[in-house]
Amino acid sequence: MALADFLQTIEQSAFGTAIREGALYFPVLESLHVIALVSVVGSIVAVDLRLLGLASREQPVTRVTNDFLPWTWGAFIVAAITGLMLFSSTPIRYFDSTLLRIKFFFMFLAGVNMLVFHFVTYKDVQRWDTSDVIPSSAKLAGGLSLLLWTLVIFFGRWVGFTL
Amino acid sequence: MPRSDYGVLRVQRSPGPVSNGANKKPVTGFHLRPRGCEMQSAAISQFADWIAHTSLSGVIVTYEWIIPSTQSVHYMALAVLFSSAAIINLRILGLISGHTPLTRVAQRFAPGIWIALVVMIVTGLVLLIGEPARSLTTWEFQSKMVMLVLVAALTVYMQRRIADGASHWDVAAAVPGTARAAAVASLVLWMLIIVAGRWIAYHT
């Protein structure tokens, strides 16, 4: 009940109302959201392909992650802020959207995959940083990441057709 | 502001192809435009109408999952294309991958631009055939295509410059001003193309 009230408050706020009713806010925010999310996913794909041994093989794994992941996080912050602003236009409907929930479920799984990779697999990266043999746990992390982020894009795009 | 994506699944079709006779009458809506522009607009509308009545177009809009799925693949390819282009441009500006020579960064990421572009053109054609009027006849789509041609030409030019032994570009401080300007122009054009693409959905 408290949550429903909270969503209602956001929807009726001047901020939520402006994004919902303004002619430009929603498309502008959506455009920024797209630029940010393709930057997030594209930079992650570059790292995933290195983990899978399919690209950038002459580069150490740590160099690829150090080069690209700061940009991933910067873009992720922009995607999260613009996403929350889009959400605040019609929070009740978005909250009830099954497709949006599925999207966040896959984002959650992508986050778990990233944490496991970072805190377990990546711990001994020095041993395989420049090696031709990439541990299967790292390949699995790269493959899962590609799959999960593709699903996030699919369900995210689908939300736009239902609300 | 209507969420126009929703309308994609409920396409309004005109009752039949425009007959040639109809075009002989003055098109009142365009009376302020020069004659050439009027004829061009009519030709594009007619072409869009013809596509809309092909069986392929009918199939694309009959199955509700085709357009959202195709857009998702379009976006996945966009992620690869935009990031590949951004990495090369940011490397020219000295903002990313400073330890890696520019020529090597370009070798690694240039193919991503072109492979993803092919995927985007194919998926884009599916979207266009499904809803030709929504794209072909709108200024949003037309400006997107003009910018795409510009940025593609700019990208070819820059990749040739990089391959032509612009090895001194590898040191960020030595990058000529024109290369920096080209990198910024390329980044801005790609972002404007994304904005124009999203704007197509809001065309009224």
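Residues numbered from 1 in each chain as written. Chains lettered and ligands numbered in written order. Predicted model: local features only at pLDDT ≥ 70, side-chain atom pairs only at ≥ 80, totals over all residues.

Student: How do you make sense of the overall build of chain B when you look at a structure like this?
Tutor: Of the regular secondary structure elements, chain B holds eight helices and zero strands. Starting at the N terminus and ending at the C terminus, chain B contains elements arranged as α-α-α-α-α-α-α-α. Relative to all contacts within chain B whose residues are 6 or more apart in sequence, the contacts with residues 24 or more apart total 80%. (Helix = DSSP H or I, 4+ residues; strand = E, 2+ residues; numbered from the N terminus. Contact = placed C-beta atoms within 7 Å.)

Student: I'm lost on the overall build of chain A in this one. Help?
Tutor: The number of helices and strands found in chain A is eight helices and zero strands. In chain A, the succession of helices and strands from N to C terminus is α-α-α-α-α-α-α-α. Summarising its shape, the C-alpha atoms of chain A cover approximately 55 × 30 × 25 Å along the three principal directions. Considering chain A as a whole, with its 163 residues, one finds that 37% of them fall into the buried category. Sequence-distant contacts, at least 24 apart, represent 79% of the contacts inside chain A between residues at least 6 apart. (Buried ≥ 20, exposed ≤ 12 C-beta atoms within 10 Å, placed from the backbone.)

Student: Looking at this structure, I do not really get the interface of chain A and chain B. What am I missing?
Tutor: Interfaces are often sized by the accessible area lost when the parts come together. If you look at the interface, chain A gives 30 residues, while chain B gives 29 residues. If you list the elements that add at least two residues to the side of chain A that touches chain B, you get helix 3 (25-51), helix 4 (61-87) and helix 8 (136-159) of chain A. Counting residues per element, the side of chain A that touches chain B draws most heavily on helix 3 of chain A, at 13 residues. Grouping the constituent residues of the side of chain A that touches chain B by class yields 16 nonpolar, nine polar and five charged. (Nonpolar A, V, L, I, M, F, W, Y, C, P; charged D, E, K, R; others polar.)

Student: Help me out: how do you make sense of the packing of helix 4 (residues 66-92) of chain B against helix 8 (residues 177-200) of chain B in this one?
Tutor: Two quantities define a packed helix pair, namely the angle between the axes and the distance from one axis to the other. Residue and element names in this part refer to chain B. Where helix 4 contacts helix 8, the axes come no closer than 9 Å and their chain directions differ by 155 degrees. In terms of orientation, helix 4 lies roughly antiparallel with respect to helix 8. Classified by chirality, the crossing of helix 8 by helix 4 is left-handed. Between helix 4 and helix 8, the contacting residues are Phe82, Ala85, Ala86, Asn89 and Ile92 on the first element and Ala179, Arg180, Ala183, Ser186, Leu187 and Trp190 on the second. Of the residues in the contact of helix 4 with helix 8, the class split is eight nonpolar, two polar and one charged. (Axes fitted to C-alpha atoms, helices over the stretch in contact; angles between N-to-C directions. Parallel < 35°, antiparallel > 145°, perpendicular 65-115°, else oblique. Left-handed = near helix turned anticlockwise from the far one by under 90°.)

Student: Explain helix 8 of chain B here, please?
Tutor: Within an α-helix, residues lying three or four positions from one another point in the same direction, as the helix has 3.6 residues per turn. The terminal C-alpha atoms of helix 8 of chain B lie 34 Å apart, and with 24 residues this matches the ideal 34 Å at 1.5 Å per residue to within 8%. Along helix 8 of chain B, the residues classified as buried are Ala183, Ser186, Trp190, Ile193, Val195, Ala196, Gly197, Arg198 and Trp199 of chain B. Packed against the buried residues of helix 8 of chain B are helix 3 of chain A together with helix 4 and helix 7 (139-163) of chain B. (Expected span 1.5 Å × (residues − 1).)

Student: Explanation requested: the packing of helix 3 (residues 55-62) of chain B against helix 5 (residues 102-130) of chain B in the structure shown.
Tutor: Residues and elements named next belong to chain B. Axis separation between helix 3 and helix 5 bottoms out at 8 Å; the angle between their running directions is 95 degrees. The angle between the axes of helix 3 and helix 5 places the two elements in the roughly perpendicular class. Taken together, the residues of helix 5 that come into contact with helix 3 (itself represented by Leu56, Ser57, Ile60 and Val61) are Val126, Ile129 and Gly130. Split by residue class, the contact of helix 3 with helix 5 holds five nonpolar, two polar and no charged.

Student: Where do I start with the nonpolar core in this structure?
Tutor: Proteins that are soluble and globular tend to have nonpolar side chains buried together. One finds Val38, Val41 and Trp149 of chain A together with Leu78, Ala79, Leu81 and Phe82 of chain B to be the most contacted residues of the largest nonpolar core, which totals 68 residues. Here this core gets 15 residues from one element, more than from any other, and that element is helix 3 of chain A. The residues touching valine 38 of chain A, leaving out its near neighbours within four places in the chain, are Tyr75, Leu78, Ala79, Phe82 and Ser83 of chain B. (Core = buried A, V, L, I, M, F, W, Y, C linked by C-beta atoms within 7 Å.)

Student: Whenever I open this one, the environment of threonine 72 of chain A confuses me. Can you help?
Tutor: Residue and element names in this part refer to chain A. Structurally, threonine 72 can be placed in helix 4. Exposure remark for threonine 72: the 19 C-beta atoms within 10 Å place this residue in the partly exposed category. Measuring from C-alpha to C-alpha, the distance between threonine 72 and aspartate 5 comes to 34 Å, with 67 residues separating the pair along the chain. Residue contacts for threonine 72: discarding those within four places in its chain leaves Val40, Ser43 and Ile44.

Student: Before we go on, may I ask you to explain unusual backbone geometry in this structure?
Tutor: Across the chain, the bulk of peptide bonds are trans and the bulk of non-glycine residues have phi less than zero. In this structure, serine 56 of chain A takes a positive phi of about 55 degrees despite not being glycine. With respect to the element layout, serine 56 of chain A can be found in the loop between helix 3 and helix 4. Here serine 56 of chain A falls in the buried class, since 22 other C-beta atoms lie within 10 Å of it. Non-glycine residue serine 97 of chain B carries a positive phi angle of around 50 degrees. Assignment of secondary structure puts serine 97 of chain B in the loop between helix 4 and helix 5. Assessed through the 22 C-beta atoms surrounding it within 10 Å, serine 97 of chain B is described here as buried.

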